[in-house]
Amino acid sequence: MSARILVVDDDQATRRLIALGLRRGGHAVAVASSVTEATETARHFEPQIVLTDLNMTGGTGIDLCRHFGDTWPDVPIIVVTAFGSMTSAVEAMRAGAYDFITKPFDIEALSLVVERAV
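Counting from 1, residues in each chain are numbered in the order their sequence is written. Local features in this predicted model are restricted to residues of pLDDT 70 or higher, and side-chain atom pairs are both shown and tallied only at a pLDDT of 80 or more, whereas totals for entire chains, interfaces and linings draw on every residue. Note that water and hydrogens are dropped before the side-chain values are worked out from all heavy atoms of the structure.

A. Structural view of the overall build of the protein chain. Numbering of helices and strands runs from the N terminus, with a helix taken as a DSSP run of H or I at least four residues long and a strand as a DSSP run of E at least two residues long. If you tally the helices and strands in the protein chain, you get five helices and seven strands. Tracing the protein chain from N to C terminus, the helices and strands come up as β-α-β-α-β-β-β-α-β-α-β-α. Each radius of gyration is computed over the set of C-alpha atoms, and the globule rule expresses the reference value as 2.2 Å times the number of residues to the power 0.38. A compact globule built from 118 residues should have a C-alpha radius of gyration of about 13 Å, and the protein chain, at 12 Å, falls within 12% of that. Throughout this description, buried means an accessible area under 20% of the type-specific maximum (1.4 Å probe, protein chains only), exposed means over 50%, and partly exposed covers the range between. Going through the 118 residues of the protein chain one by one, you find that 48% of them count as buried. Throughout, a residue-residue contact means that at least one pair of heavy atoms, one from each residue, lies within 4.5 Å. For the protein chain, long-range pairs separated by at least 24 residues make up 62% of all intrachain contacts whose partners lie at least 6 apart in sequence. Accessible areas in this description were obtained via Shrake-Rupley with a 1.4 Å probe; residue shielding takes into account the shown protein chains only. If you sum the accessible surface of the protein chain, you get close to 6100 Å²; carbon and sulfur atoms cover 52% of it. Placing the 10 positive and 15 negative side-chain charges of the protein chain at their respective mean positions leaves the two points 3 Å apart. The charged-residue count follows a simple rule in which Lys and Arg add positive charge and Asp and Glu add negative charge, with His and chain termini not counted at all. Every charge is mapped to an atom, namely NZ of Lys, CZ of Arg, CG of Asp or CD of Glu.

This is how it looks when you write it as structure tokens:
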């Protein structure tokens, strides 16, 4: 099943890698580099799933989880981060994250998490 997925990461190479892998899986993908840009993009793109980095310039994936939880509570958010710890995973889940994945990740494994979220 294909989905509209918003990828939020301040690292351009990571955004491109994730977007490419998801598009190959048949998904429609929009990208954003910040929480602010993600919020603006979501208004028009209407994502069914959000993938976000945890640590970004100008806001965090936790901030994004909280904002989306208030505005779009039915949109699952998958947090992808290189700074994975039990504490940050628990904080993300409490903020409304659907799942938490650490970098480096396998695009096939990420795709499986996306399929479950759909």
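Back to the write-up after that little detour.
B. Focus on the sheet that holds strand 1 (residues 4–8). Taken in spatial order, the five strands make up an open sheet running 2-1-3-6-7, and their pairing is parallel. Each end of this open sheet is capped by a strand with a single partner; those strands are strand 2 (28–32) and strand 7 (99–102). On average, each strand axis in the sheet is inclined to that of its neighbour by 20°, with strand direction left out of account. What makes two strands pair is DSSP finding at least two bridges between them. Bridge count for strand 6 (residues 77–81) against strand 7 is four bridges, and the pairing is parallel. Note on strand 7: the bridge partner recorded for Val79 is Phe100. Only the stretch in contact is used when fitting a helix axis, every axis being a line fitted to C-alpha atoms; angles between N-to-C directions are given from 0 to 180 degrees.

C. Here's a closer look at helix 3 (residues 61–71). Those residues of helix 3 that sit buried are Gly61, Ile62, Leu64, Cys65 and Phe68. Seen end-on, helix 3 carries its buried residues on one side only, within an arc spanning 160°. It is the directions from the helix axis to the C-beta atoms that the arc portrays.

D. Here's a closer look at the pairing of strand 6. Among the five residues of strand 6, five are classified as buried, and the element is accordingly described as predominantly covered. Where burial is concerned, the two faces of strand 6 agree: the one with Ile77, Val79 and Thr81 and the one with Ile78 and Val80 are both buried. Bridge analysis of strand 3 (residues 49–53) against strand 6 gives four bridges, and the strand direction is parallel. Paired with Val50 across the strands is Ile77, a residue of strand 6.

E. Looking closely at the packing of helix 3 against helix 4 (residues 86–94). At a minimum axis separation of 9 Å, helix 3 and helix 4 run at an interaxial angle of 15°. The pairing of helix 3 with helix 4 is recorded here as roughly parallel in orientation. Between helix 3 and helix 4 lies a crossing of right-handed hand. Between helix 3, through Ile62, Cys65 and Arg66, and helix 4, the contact on the second element is made entirely by Ser88, Glu91 and Ala92. All amino acids are sorted into three groups, where Ala, Val, Leu, Ile, Met, Phe, Trp, Tyr, Cys and Pro are nonpolar, Asp, Glu, Lys and Arg are charged, and the leftover types, Gly among them, are polar. The class makeup of the residues in the contact of helix 3 with helix 4 is three nonpolar, one polar and two charged. Just so you know how the angles are binned, under 35 degrees is roughly parallel, over 145 roughly antiparallel, 65 to 115 roughly perpendicular, and the rest oblique. Handedness of each helix crossing follows the sense of rotation of the near helix against the far helix: counterclockwise by less than a right angle gives left-handed, clockwise gives right-handed.

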